[in-house]
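# Descriptive structure summary
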Amino acid sequence: MTRDQSVSSKSFDILLYLILTALVVVTLYPLLYVAFASISDANQLISHKGLLYRPLGFSIEAYKSVFKNPGILTGYRNTLFIVVVGVTLNLFMTALGAYVLSRKNVMWNKVFIFVIVLTMFFNGGLIPMYLVVKGVGLIDSLWAPIIPFAISTFNLIIMRTAFMSVPDSLEESAKIDGANHFTILFRIILPLSMPVIAVMILYYAVDKWNGWFYSSIFIKDRELFPLQLILREILIANQTDSMAAGSSAGDQFQLGETIKYATIMVATIPILCVYPFVQKYFVKGVMVGALKG
């Protein structure tokens, strides 16, 4: 019986490892393909068909062309502003809301939670949002993709649940010592909830970094375009001619293909570099924010 269980357990482990390996390959290969293509020789890449397992030759002309494009550097600047300022505002507002909703003695607490959760399923729609943003004068402003999205309901619920797991005795002791609500939140609750804070930073940062839809609606000034809008123009509108200037028509087309891949890498690498620093908090933070209702 024990031997049968051991064989069954090993078989299950092998099957599980095979499935996980397949998932890793399926997930990782597209990124490797883009990375290999971005440093490949343009002529060889155009003529290549099928899967790509290594760079075809070696060339960094695509990266040189990308960084010569002033729109890329401007997009980086605008995106960094949106990410840094947006994530800071997101964390501050979400922490305040989660703290209030996690307190047991708040009047109409359940009513507030019901109304807030309701916004996850019903909202006014895009046109009313555009009219509101226009009415408050945020059109063609970097604040347009920041202020209207100061709080995510989903993240608010996760952080509220994490705050509820902090023992009430700590709050009572702090109040006896004369601490007010801001002191309790910023010096007791938040330091004890760092795994959840790290997860919130990752969620909000990825959302701000990848966001392009609302920016395309609210921002028309090209000097204010975030990086993702520049990337969208290059990939969808195929606007690579200016970056491949100085080459013949045929070379421009070939170099344009590698420029697309290089632009994707330039836009992706920064957010990938953030993940290793918050990975150790990720699973713990999500679990803390999901177990207690």
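About the cut-offs
- Residues numbered from 1 in each chain as written.
- Predicted model: local features only at pLDDT ≥ 70, side-chain atom pairs only at ≥ 80, totals over all residues.
- Heavy atoms only, no water.
- Helix = DSSP H or I, 4+ residues; strand = E, 2+ residues; numbered from the N terminus.
- Buried < 20%, exposed > 50% of the residue type's maximum accessible area, 1.4 Å probe, protein only.
- Contact = heavy atoms within 4.5 Å.
- Areas by Shrake-Rupley, 256 points an atom, 1.4 Å probe, with all protein chains shown as cover.
- Core = buried A, V, L, I, M, F, W, Y, C linked by side-chain atoms within 4.5 Å.
- Axes fitted to C-alpha atoms, helices over the stretch in contact; angles between N-to-C directions.
- Left-handed = near helix turned anticlockwise from the far one by under 90°.
- Nonpolar A, V, L, I, M, F, W, Y, C, P; charged D, E, K, R; others polar.
- Phe/Tyr/Trp six-rings, centres within 6.5 Å; stacked < 30°, edge-to-face > 60°.
- Salt bridge = Lys/Arg side-chain N within 4 Å of Asp/Glu carboxyl O.
- UniProt positions renumbered as here; feature names shortened; annotations may be inferred.

## What to know about the overall build of the chain
Secondary structure assignment for the chain yields 13 helices and zero strands. Listed by position from the N terminus, the elements making up the chain come as α-α-α-α-α-α-α-α-α-α-α-α-α. Out of the 293 residues in the chain, the part that is buried amounts to 37%. Long-range pairs, those at least 24 residues apart, make up 73% of the contacts in the chain between residues at least 6 apart in sequence. Carbon and sulfur atoms make up 68% of the accessible area of the chain, which totals about 17500 Å².

## Describing the nonpolar core
Within the largest apolar cluster, 62 residues are counted, with the highest numbers of intra-cluster contacts made by Ile 72, Met 159, Phe 163, Ile 189 and Met 200. Sort the elements by how many residues they give to this core and helix H4 (residues 70–102) lands first, with 10 residues. Setting aside residues no more than four positions away along its own chain, Ile 189 makes contact with Tyr 99, Arg 103, Phe 163, Val 166 and Ile 184.

## Observations concerning the packing of helix H8 (residues 168–176) against helix H9 (residues 181–192)
Relative orientation of the contacting elements H8 and H9 amounts to 145°, with a least axis distance of 10 Å. Crossing hand, H8 versus H9: right-handed. Contacts between H8 and H9 involve Leu 170, Glu 171, Ala 174 and Lys 175 from the former and His 181, Ile 184, Ile 188 and Leu 192 from the latter. Of the residues that constitute the contact of H8 with H9, the class distribution is five nonpolar, one polar and two charged.

## Structural notes on the packing of helix H5 (residues 109–118) against helix H7 (residues 153–164)
Direction vectors running N to C along H5 and H7 enclose 145°, while the axes themselves pass 9 Å from each other. The two elements H5 and H7 meet at a crossing, and its hand is left-handed. For the pair formed by H5 and H7, the contact residues are Ile 113, Ile 116 and Val 117 on the first element and Thr 153, Leu 156, Ile 157 and Arg 160 on the second.

## A few points about unusual backbone geometry
Backbone geometry places Trp 108, a non-glycine residue, at a positive phi of 60°. Structurally, Trp 108 can be placed in the loop between H4 and H5. Exposure remark for Trp 108: the relative accessible area of 59% places this residue in the exposed category. With phi around 60°, Asp 140 is a residue other than glycine that occupies positive phi space. For Asp 140, the position within the fold is in the loop between helix H6 (126–135) and H7.

## Section: the packing of aromatic side chains
Aromatic rings in a pair are described by how distant their centres are and how their planes are angled relative to each other. If you walk through the whole model with that rule in mind, you get 11 aromatic pairs. Ring centres of Phe 149 and Tyr 214 lie 4.6 Å apart, and the angle between their planes is 45°; this geometry places the pair in the tilted category. You can see Phe 149 sitting in the loop between H6 and H7 and its partner Tyr 214 sitting in helix H11 (residues 213–218), a full 65 residues away along the chain. Residue classification places Tyr 214 among the partly exposed residues on the basis of a relative accessible area of 31%.

## Brief notes about the side chain of Thr 258
Relative to the helices and strands, Thr 258 resides in helix H13 (residues 249–291). Residue Thr 258 is classed as buried on the basis of its relative accessible area, which comes to 1%. Setting aside residues up to four positions removed in sequence, Thr 258 forms contacts with Ala 37, Ser 38, Ser 40, Ala 42, Leu 45 and Ala 62.

## Some words on the pattern of salt bridges
By the definition in use, this model includes five salt bridges. Put simply, Arg 222 and Glu 233 hold a salt bridge, and the shortest N to O gap is 2.6 Å. Separated by 11 residues along the polypeptide, Arg 222 in the loop between H11 and helix H12 (227–235) and Glu 233 in helix H12 bring together distant segments of the chain. The class for Glu 233 is buried, based on a relative accessible area of 16%.

## Quick word on the UniProt feature "transmembrane region" (unreviewed entry) in the chain
In this structure's numbering, the residues bearing the UniProt feature "transmembrane region" (unreviewed entry) are residues 12–36, 79–99, 111–131, 143–163, 184–206 and 259–278. Helix and strand shares over residues 111–131 are 67% and 0% respectively, and the end C-alpha atoms of the span are 28 Å apart.

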